[in-house]
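Chain by chain, the residues:
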Amino acid sequence: RLVQAEALEAQDRAEEAVEVLRLVKVGSPWRADAQMQLAETLARMDQADDARAMVADAAKSTRRDILARAADFYRTAGDYAEAVALYDRLMALDTAAGAPDWRVLAARAMSRNAGGDWAGAEADLLRALELEPDQPELLNSLGYNWIDRGEKLEAGMALIQRAVAARPDLGHIVDSYGWAHFRLGRYEEAVPYLERAAALAPTEAEIIDHLGDAYWHAGRQKEARYAWTEALRLKPEETREAALKAKLERGLPAAASASLAARP
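Note that this is a predicted model, so its numbers are computed, not measured.

## Regarding the overall build of the protein
Argument step 1. A count of helical and extended segments in the protein gives 15 helices and zero strands.
Argument step 2. If one aligns the C-alpha atoms of the protein with their principal axes, the spans along those axes are about 65 × 45 × 30 Å.
Argument step 3. Going through the 264 residues of the protein one by one, you find that 45% of them count as buried.
Argument step 4. Counting every atom, the protein has about 13800 Å² of accessible surface; 52% of that belongs to carbon and sulfur.
Argument step 5. Across the protein, the 34 positively charged side chains and the 44 negatively charged ones have centroids separated by 1 Å.

## Let's talk about the packing of helix H6 (residues 80-96) against helix H7 (residues 102-114)
Argument step 1. Where H6 meets H7, the closest approach of the two axes is 9 Å, and the angle between their N-to-C directions is 155 degrees. Between H6 and H7, the crossing angle belongs to the class labelled roughly antiparallel. Where H6 crosses over H7, the handedness of that crossing is left-handed. For the pair H6 and H7, contact is made by Tyr 80, Ala 83, Val 84, Tyr 87, Asp 88, Leu 90, Met 91 and Asp 94 and by Val 104, Leu 105, Ala 107, Arg 108, Ser 111, Arg 112 and Ala 114, respectively.
Argument step 2. Looking at the contact of H6 with H7, its residues break down into ten nonpolar, one polar and four charged.

## As for the packing of H7 against helix H8 (residues 118-131)
Argument step 1. One can describe the packing of H7 onto H8 by two numbers: an axis separation of 8 Å at closest approach and a directional angle of 165 degrees. Of the possible angle classes, the one that applies to H7 and H8 is roughly antiparallel. The way H7 lies across H8 gives a crossing that is left-handed. In this structure, H7 contributes Trp 102, Leu 105, Arg 108, Ala 109, Arg 112 and Asn 113 to the contact, and H8 contributes Trp 118, Gly 120, Ala 121, Asp 124, Leu 125, Arg 127, Ala 128 and Leu 131.

## Brief notes about the packing of aromatic side chains
Argument step 1. All chains considered together, the criterion is met by five aromatic pairs.
Argument step 2. Ring centres 6.4 Å apart and planes at 80 degrees place the aromatic pair Phe 73 and Tyr 74 in the edge-to-face group.
Argument step 3. Aromatic ring contacts, followed pair by pair, group Trp 179, Phe 182 and Tyr 187 into a single cluster.

## Observations regarding helix H11 (residues 171-183)
Argument step 1. Over its 13 residues, H11 runs 18 Å from end to end, which matches the ideal 18 Å to within 8%, given 1.5 Å per residue.
Argument step 2. Summarising burial for H11: eleven of the 13 residues are buried, a large majority.
Argument step 3. Among the residues of H11, Gly 171, Ile 173, Val 174, Asp 175, Ser 176, Tyr 177, Gly 178, Trp 179, Ala 180, His 181 and Phe 182 are the ones counted as buried.

## A few points about the pattern of salt bridges
Argument step 1. One pass over the full model with this rule turns up 31 salt bridges.
Argument step 2. Arg 127 serves as the salt-bridge partner of Glu 130, at 3.2 Å between the closest nitrogen and oxygen. Separated by three residues within a single helix, Glu 130 and Arg 127 lie in helix H8, roughly one turn from each other.
Argument step 3. In this structure Glu 130 comes out as exposed when scored by relative accessible area, which is 58%.
Argument step 4. Here Asp 148 makes a salt bridge to Arg 183, at a shortest N to O gap of 3.6 Å. With Asp 148 in helix H9 (residues 136-148) and Arg 183 in helix H11, this residue pair connects regions lying 35 residues apart in the sequence.
Argument step 5. According to the relative accessible area criterion, Asp 148 is partly exposed, its value standing at 30%.

## Concerning unusual backbone geometry
Argument step 1. Positive phi is not limited to glycine here, since Lys 152 has a value of about 45 degrees.
Argument step 2. Within the secondary structure, Lys 152 sits in the loop between H9 and helix H10 (153-166).
Argument step 3. Of note in the backbone geometry, Lys 235 takes a positive phi value of approximately 55 degrees without being a glycine.
Argument step 4. Residue classification places Lys 235 among the exposed positions, given a relative accessible area of 72%.

Rules used in this analysis
- Residue numbers here run from 1 along each chain, matching the order of that chain's written sequence.
- Local features in this predicted model are restricted to residues of pLDDT 70 or higher, and side-chain atom pairs are both shown and tallied only at a pLDDT of 80 or more, whereas totals for entire chains, interfaces and linings draw on every residue.
- Values shown for side chains rest on all heavy atoms present in the structure; no hydrogens or waters enter the calculation.
- A helix here means a DSSP run of H or I that spans at least four residues, while a strand means a run of E at least two residues long, and both kinds are numbered starting from the N terminus.
- Here's how the labels work: a residue is buried when its accessible area is under 20% of the maximum for its type, exposed when over 50%, partly exposed in between, all with a 1.4 Å probe on protein chains only.
- The protein chains shown are the only cover counted for residues, whose accessible areas, like all others here, come from Shrake-Rupley with a 1.4 Å probe.
- Neither His nor the chain termini are counted; the positive set is Lys and Arg, and the negative set is Asp and Glu.
- The location of each charge is read from NZ of Lys, CZ of Arg, CG of Asp or CD of Glu.
- Only the contacting stretch of a helix is used when fitting its axis, a line to C-alpha atoms as for every element, and angles between N-to-C directions run 0 to 180 degrees.
- Should an angle fall under 35 degrees it is taken as roughly parallel, and over 145 as roughly antiparallel, whereas 65 to 115 is taken as roughly perpendicular and any remaining angle as oblique.
- Helix crossings are classified by the rotation of the near helix relative to the far one: an anticlockwise turn of less than a right angle makes the crossing left-handed, while a clockwise turn makes it right-handed.
- What makes two residues a contact is simply this: any of their non-hydrogen atoms within 4.5 Å.
- Under this grouping Gly is polar, as are all residues other than the nonpolar Ala, Val, Leu, Ile, Met, Phe, Trp, Tyr, Cys and Pro and the charged Asp, Glu, Lys and Arg.
- Aromatic pairing here means that ring centres of Phe, Tyr or Trp (its six-membered ring) are within 6.5 Å. Orientation follows from the plane angle: under 30 degrees is stacked, over 60 is edge-to-face, and everything else is tilted.
- Each residue after the first adds 1.5 Å to the expected span of a helix.
- Put simply, a salt bridge is a Lys or Arg side-chain nitrogen that is within 4 Å of an Asp or Glu carboxyl oxygen.

As structure tokens, this is what we get:
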């Protein structure tokens, strides 16, 4: 039934897929898998409340893979407290097994940061780097957040440089390097890195938005407006959409160009 539902979804027959998944009964060893697959299908159908109910039930499972899938669902849906609670359970399982997983720490860090707990997120990223000191995603995430928050600027730039050296083909990592230059007030230096990031990830609104900001402060206002228009066309989340519309109407204020370079 799981495979049948996947095939139905591939044919844009989501409602039929839902009915098939609902046939997997309580007591089946595949019940939790069906609930998670059902939740993901319902979420794509914009039935968020029903999807969350499925995830909450599936998360009663003791299976690690189901807990990880449910935690990731909550994080993607913006339910950060629920995500953190499940990542906590995963960390407890992994610690008891003597095998902490850097990926769980990184995912919990994202949830904590998005939920307003930067101190907890920073601690998770530092611990994850102890486990995997050369992991580009971790280097990028910690370095980007330090610089974007105006903290530990030199250390943050060094981490991002290591990430870019390891993965120069990943748009979001190249974007971090360009954005680090931007946040330090090095606008003209930021532009080529952000242009490359945009070329690597042309459908990422955040990256195109960053490029527009760099163009603006580099004195290239026409190109900035073009970039912001393109970012808006990519249908970003609501907060970014509102910010883009404001920039297209008014540009960037002079205060936004203040450099972080002089900060301790």
